[in-house]
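A closer look at the structure
Residues per chain are reported as follows:
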Amino acid sequence: MRGEFTIPYRTLYNTYLRIQLMKTILGIDGDVDNLTEKKLQKEIEYAAQKNIINLVTLNYYLYLIPAEMKNIIKSYLEVIDSRKQFNRFLCLYSWQFKINPVFRKFSDFVSEHMMLDARAELDEQAQFDISLIKKSFLDYKQINLLLLYCILNDDLDDVMEFQAHEIIHNFPLLLDWADKNKYKPVTGLTHNDCEVMAAGLLNGYDSNAIADYKLNPAISNAENVEEIIEQLPAKFHVKNIIQVVFRILLLNPFFWSRSTHEEIVDAIKGVAQDVL
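We now turn to the structure provided with this report. Per chain, residues are indexed from 1 in the order of the written sequence. Whole-chain, interface and lining totals are the exception, using all residues; otherwise, since this is a predicted model, local features are given only for residues with pLDDT of at least 70 and side-chain atom pairs are given and counted only at 80 or more. The basis for every side-chain value is the complete set of non-hydrogen atoms in the structure, without hydrogens or water.

**Looking at helix H4 (residues 67–77)**
Under the convention used in this document: Only protein chains enter the accessibility calculation, which uses a 1.4 Å probe. A residue is then buried if its area is under 20% of the maximum for its type, exposed if over 50%, and partly exposed in between. The numbering of helices and of strands both runs from the N terminus, where a helix is a DSSP run of H or I of at least 4 residues and a strand a run of E of at least 2. The reported arc concerns the directions from the helix axis to the C-beta atoms and nothing else.
Among the residues making up H4, those that are buried are Met69, Ile72, Ile73, Tyr76 and Leu77. Along the long axis of H4, the arc covered by the buried residues comes to 135°, so they all point the same way. Exposed residues on H4 whose side chains face more than 90 degrees from its buried face are Ala67 and Asn71.

In structure tokens form, the structure reads like this:
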């Protein structure tokens, strides 16, 4: 009889762990009524989409990972085929930040860069208020964790793999995801798709805001825009719009910084052609 309850209990326990993880990522403290796994997932996706431009920063950090650090991470990942081995890897990876100056230097760089970006979000007077600077930094880190979770969520065999407190501790998983997904094909991408992606980058993929651009008659209302957004992950062979944009950044890190909307559209088209 005992064995009959093993799988349901494990499923229930993993659901509980995932809910606690998502609450931590969203900054929800204590018990809150009516917080289901599905509702929390939607809240994460919504918040991540609203701040999707921050993927530029995450990709920048990934690009700057020192070669020595990247080689150590990849050597660990190559031999992992079980949860026990992954836990050992996490311990070894964390230990590197104590003993390896390359790891420490990169960690310090990420923290300092995040602090500068967070401080830049404040007005001139607030930039000298320590409490406001700290809050801005924590908010900035939370946004990056939300984005990381949306990228990595589908690849997590166990919710405990995601590190909910420091973004740099998720970089091995992010590096692995990038290696697996960067050069996947892009199929069936249309000009309208590229128009919506270009407009959505600065509008958090809000279908109403994108429709207000009146890009062309085919995407002049929110329903049409929403339909395009929903179909984009399948065309990029990923699971959500956060992963779509991150794939584009992996292939062309500066596509978002073009001078005009039309140039951004063309850059997205070029990314699709690069992986045909």
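**Concerning a negative patch on the surface**
The condition that has to hold: Residues forming no salt bridge and having over 30% relative accessible area are the ones grouped into patches, like charges within 9 Å of each other and nonpolar side chains (Val, Leu, Ile, Met, Phe, Trp, Tyr) within 5 Å. All accessible-area figures derive from a Shrake-Rupley calculation using a 1.4 Å probe, and residue coverage is judged against the displayed protein chains alone. What counts as a salt bridge is simple: a side-chain nitrogen of Lys or Arg found within 4 Å of a carboxyl oxygen of Asp or Glu. Under the counting rule used here, the positive set is Lys and Arg, the negative set is Asp and Glu, and His together with the chain ends is not counted. We put the charge of a Lys on NZ, of an Arg on CZ, of an Asp on CG and of a Glu on CD.
Taken together, the side chains of Glu223, Glu226, Glu227 and Glu230 make up a negatively charged region of the molecular surface. When you line up the elements, Glu223 lands in helix H11 (residues 222–235).

**Quick look at the packing of helix H9 (residues 191–201) against H11**
The line we're drawing: Between N-to-C directions, angles span 0 to 180 degrees; the directions come from axes that are lines fitted to C-alpha atoms, helices contributing only their stretch in contact. Any angle between 65 and 115 degrees counts as roughly perpendicular, while under 35 counts as roughly parallel, over 145 as roughly antiparallel, and the rest as oblique. We call two residues in contact whenever any of their non-hydrogen atoms come within 4.5 Å of each other. Side-chain classes are defined by residue name, with Ala, Val, Leu, Ile, Met, Phe, Trp, Tyr, Cys and Pro counting as nonpolar, Asp, Glu, Lys and Arg as charged, and the others, Gly among them, as polar.
As a packed pair, H9 and H11 sit with axes 10 Å apart at the nearest point and diverge in direction by 100°. It follows that H9 is roughly perpendicular to H11 by the angle criterion. Counted together, Asn192, Asp193, Val196 and Met197 of H9 and Val225, Ile228, Ile229, Leu232 and Lys235 of H11 form the full contact between these two elements. Broken down by class, the residue content of the contact of H9 with H11 amounts to six nonpolar, one polar and two charged.

**Concerning H11**
Going by this rule: Any helix carries an expected span of 1.5 Å times its number of residues minus one. The definition of a polar contact used here is a pair of N or O atoms within 3.5 Å, where within protein one atom must be able to donate a hydrogen and the other to accept one, and adjacent residues in sequence count solely through side-chain atom pairs.
In this model H11 runs 20 Å from its N-terminal to its C-terminal C-alpha over 14 residues, within 8% of the 20 Å that 1.5 Å per residue would give. Against the buried residues of H11 lie H9, helix H10 (207–211) and helix H12 (241–251). With a side-chain oxygen positioned 3.1 Å from the backbone nitrogen of Glu223, the residue opening H11 is Asn221. In the segment just after H11, His237 is the residue with positive phi, at about 60°.

**Looking at the nonpolar core**
Within soluble globular proteins, side chains that are nonpolar generally end up buried alongside one another. Let me state the cut-off plainly: Residues enter a nonpolar core if they are buried and are Ala, Val, Leu, Ile, Met, Phe, Trp, Tyr or Cys, with the set joined through side-chain atoms within 4.5 Å.
The biggest cluster of nonpolar side chains holds 87 residues, and the ones touching the most others in it are Leu55, Tyr93, Phe162, Ile167, Phe171, Ile242 and Phe246. No other element matches helix H7 (residues 130–152), which puts eleven residues into this core. Among all residues touching Leu55, those that are not within four sequence positions of it are Leu147, Ile151, Ile242, Val245, Phe246 and Leu249.

**A look at the layout of surface pockets**
The condition that has to hold: Definitions used for this entry: grid spacing 1 Å over protein atoms alone; cavity, a set of points where a 1.4 Å probe fits but cannot get out; pocket, an open set with protein on both sides within 12 Å along at least 5 of 7 lines; lining residue, one with an atom within 4 Å of a point. Grid points are joined across faces, edges and corners, and a volume is the space filled by probe spheres set on the points.
Of the voids in this model, the second largest pocket is the one considered here, and its volume is about 280 Å³. Sorting the residues of the lining of the second largest pocket by element identifies helix H3 (55–64), helix H6 (101–120) and H7 as the ones contributing at least two each. In terms of residue class, the lining of the second largest pocket is made up of seven nonpolar, five polar and two charged.

**Details of unusual backbone geometry**
A positive phi angle, close to 55°, is found at Lys214, a residue other than glycine. Its place among the elements puts Lys214 in the loop between H10 and H11. Even without being a glycine, His237 presents a positive backbone phi close to 60°. For His237, the position within the fold is in the loop between H11 and H12.

**What about the pattern of salt bridges?**
Summed over the entire model, instances satisfying the criterion amount to seven salt bridges. Lys135 is paired through a salt bridge with Asp139; the nearest N and O atoms lie 2.9 Å apart. On the criterion of helical spacing, the pair formed by Lys135 and Asp139 is a turn pair, its members being four residues apart in helix H7. The class for Asp139 is partly exposed, based on a relative accessible area of 32%.

**A look at the environment of Asn240**
Here Asn240 lies in the loop between H11 and H12. Judged by its relative accessible area of 14%, Asn240 falls in the buried class. Residues Asn240 and Gln49, 191 residues apart in the sequence, show an inter-C-alpha distance of 10.0 Å. Polar side-chain contacts of Asn240 include one of 3.1 Å to the backbone nitrogen of Ile242.

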